[in-house]
Amino acid sequence: MGRYAESLLADGERIILEVRQHPVALLYRWRWAIAALVGALVALFLASGLPTDGVGGGIRFVLGLVAIVLVVGGIVAGGWAYLQWAADEDVLTNRRVIQVRGVVNKVVADSSLEKINDAEMTQSWLGRLLNFGDLDVMTASEAGIEQMRTLPDPRGFKRAMLNAKHEYELELARGGLAGPPLRPTSGVAMP
């Protein structure tokens, strides 16, 4: 999916699962754009019933301008909502869960698999029908990921996360996660 998520990986870390919100979330984000376009249609409908001369012509002109502003605003709002939806990612690696948000400014939250205590999944009847839901990740710390909203296949994401956590714990028990030795940066002496 995104190169940005790949740039966040540590040495030896690999992506297991990478998803973005279900398309239902995109429809929700488009609510203001849809409302603006419906408003433009209403303005055009009202303007069509008015006479073209006199006071009616003036009101018709104003309603036409309102319709144009609403159409342009709706298109801009819809485009921005799509960019936000496309930029947001939820990533599961063999070491942590990463949540990336933002188009221009990026906000990245992550939780180490070893800190995850539990995960609560919520699926409405519509979510079960369309295969999306919410996942609340409970960790030992206050920082990190807490809520993952409108995930596609939340059961699969939760199962993959729990399996990755189990594999991570087995690797830790075997002592297999000792990474490469730290290299000093130029001019800094290592103790």
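Use the structure listed above.
Residues numbered from 1 in each chain as written. Predicted model: local features only at pLDDT ≥ 70, side-chain atom pairs only at ≥ 80, totals over all residues. Heavy atoms only, no water.

Peer 1: Would you explain the side chain of Glu13 in this entry?
Peer 2: Looking at where Glu13 falls in the secondary structure, it is placed in the loop between helix H1 (3–7) and strand S1 (15–19). Here Glu13 falls in the buried class, since its relative accessible area comes to 9%. Of note is the side chain of Glu13, whose polar atom sits 2.7 Å from the side chain of Arg96. For Glu13, the contacting residues outside a window of four places in its chain are Leu8, Thr93, Asn94, Arg95 and Arg96. (Helix = DSSP H or I, 4+ residues; strand = E, 2+ residues; numbered from the N terminus. Buried < 20%, exposed > 50% of the residue type's maximum accessible area, 1.4 Å probe, protein only. Polar contact = N/O pair within 3.5 Å; in protein donor to acceptor, adjacent residues only side chain to side chain. Contact = heavy atoms within 4.5 Å.)

Peer 1: Could you clarify how one ought to interpret the nonpolar core in this entry?
Peer 2: Grouped burial of nonpolar side chains is what soluble globular proteins tend to show. Of all hydrophobic cores here, the largest spans 16 residues; its most connected members are Leu92, Val97, Leu113, Leu135, Met148, Phe157 and Met161. Of all the secondary structure elements, the ones that give two or more residues to this core are strand S5 (116–122), strand S6 (132–139), strand S7 (147–152) and helix H6 (154–174). At five residues, the largest contribution of residues to this core is made by H6. When near neighbours in sequence (up to four residues on either side) are disregarded, Met161 contacts Leu92, Val97, Leu113, Ile116, Ala119, Leu135 and Val137. With five residues, the next largest nonpolar core counts Ala40, Ala43, Ala47 and Ala67 among its residues. (Core = buried A, V, L, I, M, F, W, Y, C linked by side-chain atoms within 4.5 Å.)

Peer 1: Got a minute to help me understand helix H4 (residues 54–87) in this structure?
Peer 2: Since the α-helix turns once every 3.6 residues, residues separated by three or four places project in the same direction. The terminal C-alpha atoms of H4 lie 50 Å apart, and with 34 residues this matches the ideal 50 Å at 1.5 Å per residue to within 8%. Within H4, burial applies to Gly56, Gly57, Leu63, Ala67, Gly74, Gly78, Ala81, Trp85 and Ala87. Considering only its buried residues, H4 is in contact with helix H2 (23–29), helix H3 (31–48), strand S2 (89–93) and strand S3 (96–101). (Expected span 1.5 Å × (residues − 1).)

Peer 1: Looking at this structure, I do not really get the pairing of strand S4 (residues 107–112). What am I missing?
Peer 2: For a regular strand, side-chain orientation follows a simple rule: the groups alternate between the two sheet faces. Pairing of S3 with S4, which is carried by six bridges, proceeds in the antiparallel orientation. Among the inter-strand pairings, Gln99 is bridged to a residue of S4, identified as Ala109. Following S3, the chain reverses through five residues before pairing antiparallel with S4; Gly102 in that reversal takes a positive phi of roughly 110 degrees. (Pairing = 2+ DSSP bridges.)

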